[in-house]
Amino acid sequence: MSRPASAPTPTKRERTRRHSWVRVLIPAALILVWLVGASLGGPLFGKIDEVSSNDQTSYLPESSDATRVQSLLGEFNDSEAIPAIALFTSEQELTESDITAITDAVADAPSLEGIADDVSPALPSDDGKAMQAFIPIQSDAELADTAESLGAQLREAVPDGITVYITGPAGFSADLVAGFSGIDGLLLGVALLAVLVILVLVYRSLLLPLVVLATSLFALCVALLVVWWLAKFEVLLLSGQTQGILFILVIGAATDYALLLVARFREELRVSQDKGAAILAAWKGSLEPIAASGGTVIAGLLCLLLSDLKSNSTLGPVAAIGIVFAMLSALTLLPALLLLFGRAVFWPRRPVFEPAVVAEEHGMRKTGLWAGVARFITRRPRTIWIVTTLVLLAGAAGVTQLNANGVPQSDLVLGASEARDGQIALGEHFPGGSGSPVSVIAPEGELQEVADVLLASDGIDGVSVTASDSPSGSAPVTADGITAVGPPGTAAPEPTVVDGDVLLQGTLTDAADSDAAAATVRELRTQLEGVDALVGGVTATAIDTNDASIHDRTLIIPVILLVIMLILMLLLRSVLAPVLLILTTVLSFGTAMGVSALVFDGIFDFPGADPAVPLFGFVFLVALGIDYNIFLMTRVREESIAHGTREGVLRGLSITGGVITSAGLVLAATFAALSVIPILFLVQLAFIVAFGVLLDTFVVRSLLVPALAYDLGRVIWWPSKLWRSGKD
């Protein structure tokens, strides 16, 4: 539509003023949107426990025996309470007054808020030096607080000289809850402080580190808002472990992306006086590597959806959501803040407008650490990549020492543990598996046959069947059948039958989380294959979890490699370069795992590792480690088009060396922060990823990849157009 003849033509000043208003309004709108999102997500940090669960059984495949047994237990005992074992021990044989005090204390336990009514009587040990009672804690109670209060009440009620432990499933679950309690405060505080210190050292600026940190924190708040509501509506499962990884991943990734954009912005300010033009050019230059990097991580994480374990499969979408908001924050909020502050954000080291100097440099730094590394690579590239590869292979040899077949439940929490100490004491006076029995659901007509199999096992100390008409809710089963409970002449109770099935429970001779108990359960499952019986319980849950985790590890690792390789091929328009980048990253991962295995065994003396540790380590090291190769190689390709491959390698390394190293330090520091949570899995993951990222940053990306690319020249781009028409 043509302008009416009478309409005045906007003057240059009016157009400039209108353009200035657009520059102000768009960044202001973006900042406002993120402020609203952060204000909604921020308060949820203290409410994660409302939508999360650390129950192992809920993360197993629905088809596993342990899951099916767990889902049926409530139909036999009408209770979803978590059993705690209250153990009372003494150096001397308990006196009559001791026994009376313990009995009264146990009987009074239901008066405490959170304790269920069906508390068992206190039972003495054969040596007379201990008593134990099964005290269920209601499933909706604050587990850690209730267990602590129960222990305090019992200790106050018994005489001096008697030691009280709260152990069993509720005790170990309370340990886990207490271990994860520092995620909202301690973990987040340590991670943010570590990032802030690194940013101050990198930028030597006061304002810029706060801007970058705000970008990361806002991304985390909005990601948490989305994840919290998805967990609230049971679309996703959320655990303390997943929560901790989400926090670290978002902070680390958002900061890395921010570092890349800020570096580009600083470059553009040297050749442009217009901060708007500079931020637009920086945004365009950063979009592809950030999108490719984030897309690679998201693709790798979503491969976890193939997992049988829900603890693995649910981490994929949760962490992917976090990466999405890390990318969006770096590409929207950060540019808006940088445009708002302009050169002042770098104060006191503001970048100087010096296009003549930049032109003289031809875009390549002649001085500095990374210019020196580039010159070093030109001298003996083949020697450098061969020697580096051999050193990494030597480190990877240590992976043979890695024991990742699972750890006992009592070793999941590091440091002092009342539940662990209680389990040890329990085994000294009672069968080690007391309170954590093998649960077998079998057809009513095969009750005795199944009981005979259990009774014949050396790993089973006794067998009982659920019976609602028994005073204790169960009745012993012997080779002669169900035994009467009560005075002579009392009739044997009838077993509780649900849909034609009965519930038998076998007391394990060994601790429920021991290798011996696991061997007993596996043997029972083999012997009961001909019977339509399901074997569950604490030990069976651990077995099924480990088996599923090993299956996931074997399936998912090759899939992730394939997916990331395809993404790299599309990004770099090459076949050979992605293959080589994947191989170098896998080598880096192998070295990180090998060194970690030696450290875990020789220095920390860890009891082993969960089968998911190598899988999670692989996902984060490969998906995140490939990021730095993406940052490097996208810039190398950009420079190679104009200057040739070998010159492009040197330019790409000298230009990106500082920012990628800073990004690696940030990511390593954020993952290292996981070690403040006293959970074995997180401490091991923290070391593996932090060490692996540093190895990848300072060795693989700084020496191995550039030396290999420089040695190969343009052949590295085979079979792309750059290989055919480019120059070495």
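Rules and cut-offs
Residues numbered from 1 in each chain as written. Predicted model: local features only at pLDDT ≥ 70, side-chain atom pairs only at ≥ 80, totals over all residues. Heavy atoms only, no water. Helix = DSSP H or I, 4+ residues; strand = E, 2+ residues; numbered from the N terminus. Areas by Shrake-Rupley, 256 points an atom, 1.4 Å probe, with all protein chains shown as cover. Lys, Arg positive; Asp, Glu negative; His and termini not counted. Charge placed at Lys NZ, Arg CZ, Asp CG, Glu CD. Pairing = 2+ DSSP bridges. Salt bridge = Lys/Arg side-chain N within 4 Å of Asp/Glu carboxyl O. Buried < 20%, exposed > 50% of the residue type's maximum accessible area, 1.4 Å probe, protein only. Core = buried A, V, L, I, M, F, W, Y, C linked by side-chain atoms within 4.5 Å. Contact = heavy atoms within 4.5 Å. Axes fitted to C-alpha atoms, helices over the stretch in contact; angles between N-to-C directions. Parallel < 35°, antiparallel > 145°, perpendicular 65-115°, else oblique. Left-handed = near helix turned anticlockwise from the far one by under 90°. Nonpolar A, V, L, I, M, F, W, Y, C, P; charged D, E, K, R; others polar. Patch = residues over 30% accessible without salt bridge, like charges linked within 9 Å, V, L, I, M, F, W, Y side chains within 5 Å. Expected span 1.5 Å × (residues − 1). Arc of directions from axis to C-beta. Phe/Tyr/Trp six-rings, centres within 6.5 Å; stacked < 30°, edge-to-face > 60°. Lys NZ or Arg CZ within 6 Å of the ring centre and 35° of its normal. Polar contact = N/O pair within 3.5 Å; in protein donor to acceptor, adjacent residues only side chain to side chain.

> Help me understand the overall build of the protein chain, please; the structure alone is not making it clear to me.
A tally of helices and strands in the protein chain yields 23 helices and 10 strands. Dimensions of the protein chain, computed from C-alpha atoms along their principal axes, come out at roughly 110 × 65 × 55 Å. Carbon and sulfur atoms make up 60% of the accessible area of the protein chain, which amounts to about 30,800 Å² in all. Averaging the coordinates of the 42 positive side-chain charges in the protein chain and doing the same for the 72 negative ones gives two points 37 Å apart.

> Could you clarify how one ought to interpret the pairing of strand S9 (residues 501–508) in this entry?
Put simply, side chains in a regular strand alternate between the two faces of the sheet. Bridge analysis of strand S5 (residues 438–443) against S9 gives 6 bridges, and the strand direction is antiparallel. From the neighbouring strand, Val-438 faces S9, where its bridge partner is Gly-506. Pairing analysis gives 5 bridges linking strand S6 (residues 460–466) to S9, with the strands arranged antiparallel. Residue pairing in the sheet places Val-463 in a bridge with Gly-506 of S9.

> Honestly, the pattern of salt bridges in this entry has me stumped. Any pointers?
Any two side chains of opposite charge can pair, given that their charged atoms come close. Scanning the model with the defined rule gives 9 salt bridges in all. For Glu-638, the salt bridge identified is with Arg-264, shortest N-O distance 3.2 Å. Of this pair, Glu-638 sits in helix H20 (residues 612–643) while Arg-264 is found in helix H8 (residues 240–269), placing the two residues 374 residues apart along the sequence. For Arg-264, a relative accessible area of 11% gives the class buried.

> Even after reading the chapter, I still don't get the nonpolar core, so can you show me in this structure?
Core analysis: the largest hydrophobic core is formed by 162 residues, its most contacted members being Tyr-257 and Phe-620. Beyond its immediate sequence surroundings of up to four residues, Tyr-257 is in contact with Ile-290, Ser-293, Gly-294, Val-297, Ile-323, Ala-326, Met-327, Ala-330, Asp-627 and Phe-631. Judged by nonpolar contacts, the second largest core, of 28 residues, contains Ala-451, Val-502, Leu-508 and Val-535.

> In this structure, what is going on with the packing of H8 against helix H21 (residues 645–672)? I would like to understand it.
Any two packed helices are characterised by how steeply their axes cross, that is the angle between the axes, and by the distance between the axes. Here H8 crosses H21 at 160°, and the two axes come no closer than 9 Å. Taken together, H8 and H21 sit at an angle that is classed as roughly antiparallel. As for how H8 packs across H21, the hand of that crossing is right-handed. Where H8 abuts H21, its residues Ile-248, Leu-249, Ile-251, Gly-252, Ala-253, Thr-255, Asp-256, Leu-259, Leu-260, Ala-263 and Glu-267 lie against Ile-655, Val-659, Ser-662, Ala-663, Val-666, Leu-667, Thr-670 and Phe-671. Residue classes in the contact of H8 with H21 are distributed as 13 nonpolar, 4 polar and 2 charged.

> I would appreciate a short explanation of the sheet that holds S6 in the present structure.
Sheet strands pair by backbone hydrogen bonding; their relative direction is either parallel or antiparallel. Across the sheet, 6 strands lie side by side as S8-S7-S6-S9-S5-S10; this open sheet has antiparallel pairing. Across the chains shown, the open sheet's two edge strands, defined by having one partner strand only, are strand S8 (481–482) and strand S10 (534–537).

> Just to check I follow, could you spell out a negative patch on the surface for this structure?
There is a patch of like negative charges on the surface, built from Asp-49, Glu-50, Glu-142, Asp-145 and Glu-148. Locating Glu-148 in the fold gives a position in helix H4 (residues 143–157). The exposure class assigned to Glu-148 is exposed, which follows from its relative accessible area of 57%.

> Hey, could you run me through helix H3 (residues 96–107) in this one?
The α-helix winds at 3.6 residues per turn, so residues separated by three or four positions along the chain end up facing the same way. Here H3 contains 12 residues, and its C-alpha end-to-end distance of 16 Å stays within 8% of the 16 Å for a straight helix at 1.5 Å per residue. Restricting attention to buried positions, one finds in H3 the residues Asp-98, Ala-101, Ile-102, Ala-105 and Val-106. Viewed along the axis of H3, the buried residues span an arc of 130°, placing them on a single side of the element. Summarising the geometry of H3, the exposed residues directed more than 90 degrees from the buried face are Glu-96, Ser-97 and Ala-107.

> In this structure, what is going on with the packing of aromatic side chains? I would like to understand it.
In this description, an aromatic ring pair is defined by two values, namely the gap between the centres and the angle between the planes. Scanning the model with the defined rule gives 13 aromatic pairs in all. Ring geometry for Phe-616 against Phe-620: centres 6.4 Å apart, planes inclined by 85°, an arrangement best described as edge-to-face. Here Phe-620 and Phe-616 lie together in helix H20, a separation of 4 residues that amounts to about one turn. You'll find Phe-616 and Phe-620 in the same group, each marked buried. The structure contains a cluster of three or more aromatic residues connected by ring pairs, namely Phe-600, Phe-604, Phe-606, Phe-687 and Phe-691. A cation over a ring is seen here: Arg-646 above Tyr-710, with NZ or CZ 5.6 Å from the ring centre. In this structure, Arg-701 is placed above the aromatic ring of Trp-370, and the distance from its NZ or CZ to the ring centre is 5.2 Å.

> What should I look at first to understand the side chain of Thr-545 in this one?
Inspection of the secondary structure assignment puts Thr-545 in helix H18 (residues 538–572). Only 2.7 Å separates the side chain of Thr-545 from the backbone oxygen of Thr-541, close enough to count as a polar contact.

> How do you make sense of the pairing of S6 when you look at a structure like this?
Judged by how many residues are buried, S6 sits mostly within the fold: 5 of 7 residues are covered. Bridging between S6 and strand S7 (residues 474–478) involves 3 bridges; their strand directions are antiparallel. If you follow Thr-466 over to S7, its bridge partner there is Ser-474.

> Quick question: what am I supposed to make of unusual backbone geometry here?
Excluding glycine, residues mostly carry a negative phi; peptide bonds, for their part, are mostly trans. Geometrically, the link from Trp-347 to Pro-348 is a cis peptide bond, its omega value of 10° lying close to zero. Relative to the elements of secondary structure, Pro-348 occurs in the loop between helix H11 (315–341) and helix H12 (355–361). Of note, the bond from Trp-718 into Pro-719 is cis; its omega dihedral lies within 30 degrees of zero at 0°. Checked against the element boundaries, Pro-719 lands in the loop between helix H22 (680–712) and helix H23 (721–725). Phi angles above zero are rare outside glycine, and Arg-204 is one such case at about 50°. By the element assignment, Arg-204 lies in the loop between helix H6 (183–203) and helix H7 (207–232). Among the residues examined, Arg-204 registers a relative accessible area of 51% and is labelled exposed. Positive phi, close to 55°, is recorded for Asp-605, a residue that is not glycine.

> What should I look at first to understand the sheet that holds strand S1 (residues 82–89) in this one?
Spatially, 4 strands are ordered S2-S3-S1-S4 in an open sheet, and the strand pairing comes out antiparallel. Of all the strands in the sheet, the pair left with one neighbour each is strand S2 (123–124) and strand S4 (163–167). Across 5 bridges, S1 lies against S4 in antiparallel orientation. Residue pairing for S4: Phe-88 is matched across the bridge by Val-164. Here H3 sits on the sheet and contacts S1 and strand S3 (130–137); the angle it forms with S3, its principal contact strand, is near 5°.

> Would you mind showing me how to read a nonpolar patch on the surface here?
Where nonpolar side chains cluster on the molecular surface, the patch consists of Leu-32, Leu-35, Val-36 and Leu-40 and spans about 370 Å² of accessible area. Inspection of the secondary structure puts Val-36 in helix H1 (residues 12–41). A relative accessible area of 42% places Val-36 in the partly exposed class.

> Help me out: how do you make sense of the packing of helix H5 (residues 168–180) against helix H15 (residues 418–429) in this one?
The geometry of H5 relative to H15 is characterised by a closest axis approach of 8 Å and an angle of 155° between their N-to-C directions. What the angle tells us is that H5 and H15 run roughly antiparallel. You can see that H5 and H15 cross each other, and the crossing is left-handed. Contacts between H5 and H15 involve Gly-171, Phe-172 and Asp-175 from the first element and Glu-418, Ala-419, Arg-420 and Gln-423 from the second. Residue classes in the contact of H5 with H15 are distributed as 2 nonpolar, 2 polar and 3 charged.

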